[in-house]
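Next come the chains, spelled out residue by residue.
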Amino acid sequence: MSAPTPRPRRLPHSPVVLRGGQWWLVGRTGSVPASDPAFSAVLDDFAQAMAAADRAVADLRIRQSEPSAPDPGDRR
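Residues numbered from 1 in each chain as written. Predicted model: local features only at pLDDT ≥ 70, side-chain atom pairs only at ≥ 80, totals over all residues. Heavy atoms only, no water.

A. Fine view of the overall build of the protein chain. Within the protein chain, the secondary structure is distributed over one helix and four strands. Taken from the N to the C terminus, the helices and strands of the protein chain come in the order β-β-β-β-α. Burial status across the protein chain gives 13% buried among its 76 residues. Here the contacts in the protein chain between residues at least 6 apart in sequence split such that 13% fall between residues at least 24 apart. Total accessible area on the protein chain is roughly 6700 Å²; 57% of this is exposed by carbon and sulfur atoms. (Helix = DSSP H or I, 4+ residues; strand = E, 2+ residues; numbered from the N terminus. Buried < 20%, exposed > 50% of the residue type's maximum accessible area, 1.4 Å probe, protein only. Contact = heavy atoms within 4.5 Å. Areas by Shrake-Rupley, 256 points an atom, 1.4 Å probe, with all protein chains shown as cover.)

Written as structure tokens, this is what we have:
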């Protein structure tokens, strides 16, 4: 049995998809591989930054949903 193929990852709000480790520019009439190494490196960095931001937002939402404990230093 072969390993499952990873699903293509689309960068949010962009015409760019990562398929099999290769970035592709997607348009209405088809797609073309992004063959410029510098451009691909920028897309990699941007995708990593987006993933980190998504994780940070998810962590904030988890923290906001937790009940807050009273501050022991607040004595009135």
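Next comes the rest of the description.
B. Here's a closer look at the nonpolar core. Counting residues in each nonpolar core, the largest one holds seven residues, listed as L11, V16, L18, W23, A34, L43 and A47. Looking at this core, the elements that each hand over two or more residues are β2 (16-19) and α1 (37-65). (Core = buried A, V, L, I, M, F, W, Y, C linked by side-chain atoms within 4.5 Å.)

C. Spatial organisation of the sheet that holds strand β1 (residues 9-10). One open sheet holds the four strands; their spatial order is β1-β2-β3-β4, and the pairing between them is antiparallel. The open sheet has two edge strands with one neighbour each: β1 and β4 (30-33). Pairing analysis gives four bridges linking strand β3 (residues 22-27) to β4, with the strands arranged antiparallel. For V26, the partnering residue across the bridge sits in β4 and is S31. Sheet contacts for α1: β2 and β3; angle to β3, the most-contacted strand, approximately 90 degrees. (Pairing = 2+ DSSP bridges. Axes fitted to C-alpha atoms, helices over the stretch in contact; angles between N-to-C directions.)

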